[in-house]
Amino acid sequence: MPVQRYHYDACLAEYSNNLSAIALLKQYRPYLEIIPSLRRPEESIITIPLPIVRLCQDTKNPAEAVCLPCDLAILTCDPEWKIKSGAEIIIFIHRPHEDFSHLLKRWRKTQVWLDKSYEWLMPFRYKHILSEGTNTVYPLFVIFPETPQRIQRGLVGANLPFVILTLESIFHEDITKQEELQSKDF
């Protein structure tokens with residue numbers, strides 16, 4: 001069975017949450033180690049679903065806002081100083097009817113946009129944080145068991161990091177988090 005729209009939507013909705021995004025990064029340990037503080041996860045990362053950046057042009061041209069072709073941006077923050085730190089993790093979720101060339105092209109287009117001087121359009125809660133871009137951009141691809149094998153082989157061949165998610169694992173994480181929140185209420 002091919003990847004369905006609900007695979008993509010469930011994954012995007014789940015990992016738009018900071019704690020869930022950290023659970024995703026736990027599946028790819030090198031990126032988990034980038035997070036400044038796991039003791040304060042709410043203050044250590046900012047997740048931006050379907051992110052937009054403002055490209056900083058020269059003085060003659062005004063800044064241009066561009067919606068990146070990725071699905072999620074995870075920006076690391078120093079929890080003490082409340083400032084964005086250097087690492088930016090860009091998540092690409094395999095979309096329904098998307099083949100390897102399209103998935104890879106989304107990463108390449110994102111690389112081109114982020115090669116310029118830019119700043120993130122931050123969620124309202126984080127408007128106070130300086131949001132200038134960095135040169136340290138890390139991609140992570142999310143695929144599913146239903147994703148065609150050629151895509152996984154392509155990611156391996158291109159030396160790009162990926163994780164394989166099942167919907168059961170997403171829903172299990174969601175139930176576990178709800179139980180943790182309920183236990184904290186008492």
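Residues numbered from 1 in each chain as written. Predicted model: local features only at pLDDT ≥ 70, side-chain atom pairs only at ≥ 80, totals over all residues. Heavy atoms only, no water.

(A) The overall build of the protein chain, seen in detail. Helix and strand counts for the protein chain stand at seven helices and eight strands. Counting over 186 residues, the protein chain shows a buried share of 45%. Summed over its atoms, the accessible surface of the protein chain is roughly 10400 Å², and 54% of this surface lies on carbon and sulfur atoms. (Helix = DSSP H or I, 4+ residues; strand = E, 2+ residues; numbered from the N terminus. Buried < 20%, exposed > 50% of the residue type's maximum accessible area, 1.4 Å probe, protein only. Areas by Shrake-Rupley, 256 points an atom, 1.4 Å probe, with all protein chains shown as cover.)

(B) Structural detail: helix H5 (residues 100-114). For H5, spanning 15 residues, the distance from its first C-alpha to its last is 21 Å, which sits close to the expected 21 Å at 1.5 Å a residue. Those residues of H5 that fall on the buried side of the exposure criterion are Phe100, Leu103, Leu104, Arg106, Trp107, Thr110 and Leu114. Along the axis of H5, the buried positions cluster into a sector of 150°, meaning they face one direction only. (Expected span 1.5 Å × (residues − 1). Arc of directions from axis to C-beta.)

(C) Spotlight on unusual backbone geometry. Located in the positive-phi region is His97, a residue other than glycine, with phi close to 65°. Structurally, His97 can be placed in the loop between strand E5 (83-93) and H5. On the accessibility criterion, His97 (79% relative accessible area) is exposed. Look at Asn159: it is not a glycine, yet its phi comes out positive at around 60°. As for its placement among the helices and strands, Asn159 is situated in the loop between helix H6 (149-157) and strand E8 (162-164).

(D) Representation of the pairing of strand E4 (residues 72-78). Burial analysis of E4 places six of its seven residues in the buried class, the great majority of the element. In this sheet, E4 lies alongside strand E1 (residues 45-49) in antiparallel orientation, the contact comprising five bridges. In the sheet register, Ile46 faces E4, and the bridge partner there is Leu75. For E4 and E5, the ladder comprises six bridges, and the chain directions are antiparallel. Its bridge partner being in E5, Cys77 is matched across the sheet by Lys84. (Pairing = 2+ DSSP bridges.)

(E) Main features of the sheet that holds strand E6 (residues 118-120). Sheet architecture is open: three strands sit in the order E3-E2-E6, paired in antiparallel fashion. Only two strands of the sheet have a single partner each, and these edge strands are strand E3 (64-67) and E6. Across the sheet, the mean angle from the axis of one strand to that of its neighbour is 30°, orientation sign disregarded. Pairing analysis gives four bridges linking strand E2 (residues 52-55) to E3, with the strands arranged antiparallel. Paired with Ile52 across the bridge in E3 is Cys67. (Axes fitted to C-alpha atoms, helices over the stretch in contact; angles between N-to-C directions.)

(F) Spatial organisation of the packing of aromatic side chains. A complete count under the given rule lists five aromatic pairs for this structure. Geometrically, the ring pair formed by Tyr31 and Tyr138 is tilted, given 5.4 Å between the ring centres and 55° between the ring planes. Remark: Tyr138 occurs in strand E7 (residues 137-143) and Tyr31 occurs in helix H3 (residues 29-32); sequence separation between them is 107 residues. Both rings, one in Phe92 and one in Phe141, keep their centres 5.1 Å apart while their planes meet at 20°; by these two values the pair is stacked. With a gap of 49 residues between them, Phe92 in strand E5 and Phe141 in strand E7 connect regions that are remote in the sequence. Neither Phe92 nor Phe141 differs from the other in exposure class; each is buried. What links up through ring pairs into an aromatic cluster is the set Tyr28, Tyr31 and Tyr138. (Phe/Tyr/Trp six-rings, centres within 6.5 Å; stacked < 30°, edge-to-face > 60°.)

(G) Expanded view of the nonpolar core. Counting 27 residues, the largest nonpolar core has Ile46, Val53, Trp120 and Met122 as the members making the most contacts within it. Of all the secondary-structure elements, those providing two or more residues to this core are E1, E2, E4, E5, H5, E6, E7 and H6. Considering each element in turn, this core owes the most residues, five residues, to H5. (Core = buried A, V, L, I, M, F, W, Y, C linked by side-chain atoms within 4.5 Å.)

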